[in-house]
Structures are given as structure tokens and as C-alpha cells.
Amino acid sequence: STQAKTLFPYTTLFRSLLNSLEEQISVIDRDGVIHYTNLAWNSFAEQNGMPEGYDWLGVNYLRVCDTSVEPLAQMAAEGIRRVLRHEQQHFHLEYPCHSPDTQRWFMMRVSAIPGIEVEFYTISHINVTERKLQELDMAYLSLHDPLTGLANRRRLTDALYQALNQAMDNRSEGAVLLVDLDRFKPVNDHYGHEIGDRLLQEVARRLQECVAPSDTVARLGGDEFVLLLPAPHSHAEVEHIAA
């Protein structure tokens, strides 16, 4: 505990207001020294390894960023310094902060507090995990078949162009295997579409087991699949995979 004194003119109302917010908020001066943290900030710090009741007053937040091993910490420190030097009004940075059992993302925002004689700034960390997970789901669905999890036509097309360029640059060969299932329609007709879907999922799993992680297995639709084997693949390797 630094037991430092703060020059920030906060009031009981101000403290109550910030403590009622879910955002993690701290107030720093132009040197990066922390003058106030709300309850959400303190609680999150304790959840992530800080001692219970840790006194943030007087801690230099810039120094914390400079000594952090997190890859985005230096970017955060530089953004804060740009605001402190009045090179820009605001700074924001989205960053991951995953726990052992949960994926989490936060948005850092830095801005000056107007109307105060001495310069002070707020740093807030806002939990944006829900939005980030939705974005990741949408990105995944845009490139994958929702039933099997295989690459869809869009992802296959991108991978095919990349494989062609690689083959031309290296003067090497790859292969494309087209696969469909014989007598698939009677499965749907006799057992129902739920069983047909489970069959397609099992076929997708088995096709993926036949190739390397660098190869692409895609579903074109229905019972039609494609295996893209980019260069270098020898004829013997392709024949083995096909078998």
C-alpha cells in the first residue's frame, strides 16, 4: 500500500456514482498515477490475483503497463500517453483477458475529465465478451457449414486460390478430391432427416481423419464433399488418402 494522498476532488456522490457502475474505472493524473478506483476495478483485480484490499492509490498505471508481459500492454501504455500529451482526445483498445475457465474480452477507454482545475483522466475497462462471442460466432458461420463444421463454399474457394498460387510459385502439385455418398436419399426417406444429418456428421468426421490439418475438407451441400490437398502432395499420397 502506497498510502499516497490524492489531489482529485471527488465527493461522496461521485464515489457512490462510480461504485454503482459495472465498468472498472480508475482516475489518473497526467503522470499516470492512480488517484481513485471504483469497487468494480478493485473486485476484478482481486479476481485476477491481486491481494484483497490492495490500495491502488499512488500506483503508476503506466508503469504497470510497461512491466506487464501481456502483448497489448505496451500498446495500451502508448495510447494512454497520447491522451496525456493531448495528442488525441480519447483512446480505446479491445483486448482479451481470458480466465482458466472462461473466455473474456474488454474494451479500455481513456479520456480527460473536463471542468477540473488540475488535469485528471479516467481509464475504464468495459466487459464486451457477449458482443465478441457473437462476432466470433458470425465469423465462424460465414466460413463453415453449420451442420458438419466443415469448410463451406466460401472458405473452400479462398483455400483453393491460395493452393493454386502456392503450387504455381513452388512448381509443385496438389489435388482436389470430389466425394459424394451413394444411396444417401433412401437413408433420409426411410430413417428421417435427423438420422441423415447424423450420417453426414459422421462422414465429415471420418473425412477429416483422412487428411492433415493443413488440408481442407469442405461440404458443398447435400451429400457432396471436397477434399483439397494443397502442394506438396505426391501421387502416392493422394492415392492413399483417396483409398
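Preceding this paragraph is the structure being described.
Residues numbered from 1 in each chain as written. Predicted model: local features only at pLDDT ≥ 70, side-chain atom pairs only at ≥ 80, totals over all residues. Heavy atoms only, no water.

Caption draft 1: Quick look at the overall build of the protein. The helix and strand inventory of the protein stands at nine helices and eight strands. Of the contacts made within the protein by residues no fewer than 6 positions apart, 48% connect residues no fewer than 24 positions apart. Summed over its atoms, the accessible surface of the protein is roughly 15600 Å², and 53% of this surface lies on carbon and sulfur atoms. Averaging the locations of the 21 positively and 34 negatively charged side chains of the protein gives two centres separated by 3 Å. (Helix = DSSP H or I, 4+ residues; strand = E, 2+ residues; numbered from the N terminus. Contact = heavy atoms within 4.5 Å. Areas by Shrake-Rupley, 256 points an atom, 1.4 Å probe, with all protein chains shown as cover. Lys, Arg positive; Asp, Glu negative; His and termini not counted. Charge placed at Lys NZ, Arg CZ, Asp CG, Glu CD.)

Caption draft 2: Region of interest: unusual backbone geometry. The omega torsion of the bond from Ala 231 to Pro 232 falls at -5°, within 30 degrees of zero and hence cis. Along the polypeptide, Pro 232 turns up in the loop between strand S8 (224–229) and helix H9 (235–242). Although it is not a glycine, His 86 adopts a positive phi angle of roughly 65°. The exposure class assigned to His 86 is exposed, which follows from its relative accessible area of 52%. Even without being a glycine, Arg 183 presents a positive backbone phi close to 60°. You can see Arg 183 is positioned in the loop between strand S6 (175–180) and helix H7 (184–191). Looking at Arg 183, the relative accessible area reads 67%, which means it is exposed. (Buried < 20%, exposed > 50% of the residue type's maximum accessible area, 1.4 Å probe, protein only.)

Caption draft 3: Molecular detail of the nonpolar core. The biggest cluster of nonpolar side chains holds 24 residues, and the ones touching the most others in it are Ile 28, Tyr 61, Ile 80, Met 108, Val 110 and Ile 123. Within the residue set of this core, elements represented by two or more residues are helix H2 (39–47), helix H3 (61–66), helix H4 (73–84), strand S3 (90–96), strand S4 (105–112) and strand S5 (120–127). Looking at which element gives the most residues to this core, the answer is H4, with five residues. Leave out the neighbours within four places in its chain, and Tyr 61 touches Ile 28, Gly 32, Ile 34, Trp 41, Ile 80, Met 108, Ile 123 and His 125. If you look at the next biggest cluster of nonpolar residues, it comprises 16 residues, including Phe 184, Ala 204, Leu 229 and Val 238. (Core = buried A, V, L, I, M, F, W, Y, C linked by side-chain atoms within 4.5 Å.)

Caption draft 4: Geometry of the sheet that holds S3. Spatially, five strands are ordered S2-S1-S5-S4-S3 in an open sheet, and the strand pairing comes out antiparallel. Only two strands of the sheet have a single neighbouring strand rather than two, namely strand S2 (34–37) and S3. Going across the sheet, the axis of each strand differs from the next one's by a mean of 20°, ignoring polarity. Relative to S5, strand S1 (residues 24–29) is paired through six bridges, and the arrangement is antiparallel. The residue bridging Gln 24 from the neighbouring strand is His 125, located in S5. Along the sheet, helix H1 (residues 12–19) contacts S1 and S2; its crossing angle with S2, the most-contacted strand, is approximately 65°. Lying over the sheet, H4 contacts S1, S3, S4 and S5, oriented at roughly 170° with respect to S3. (Pairing = 2+ DSSP bridges. Axes fitted to C-alpha atoms, helices over the stretch in contact; angles between N-to-C directions.)

Caption draft 5: Fine view of the environment of Leu 156. You can see Leu 156 is positioned in helix H6 (residues 153–170). Counting along the chain gives 34 residues from Leu 156 to His 190, while the straight-line C-alpha distance between them is 32 Å. Once residues within four sequence positions are removed from consideration, Leu 156 is found in contact with Thr 216, Ala 218, Leu 220, Val 226 and Leu 228.

Caption draft 6: How the structure looks around helix H8 (residues 193–209). Here H8 is 17 residues long and its end C-alpha atoms lie 24 Å apart, about the 24 Å a rise of 1.5 Å per residue gives. All of the buried residues along H8 are Gly 196, Leu 200, Val 203, Ala 204 and Leu 207. Taken end-on, H8 shows its buried residues confined to a sector of 105°, consistent with a single buried face. Opposite its buried face, H8 presents the exposed residues Glu 194, Arg 198, Arg 206 and Glu 209, each directed more than 90 degrees away. Buried residues along H8 sit in contact with H7, strand S7 (216–221) and S8. (Expected span 1.5 Å × (residues − 1). Arc of directions from axis to C-beta.)

Interpretation note: all reported values are geometric properties and have no functional meaning in isolation.
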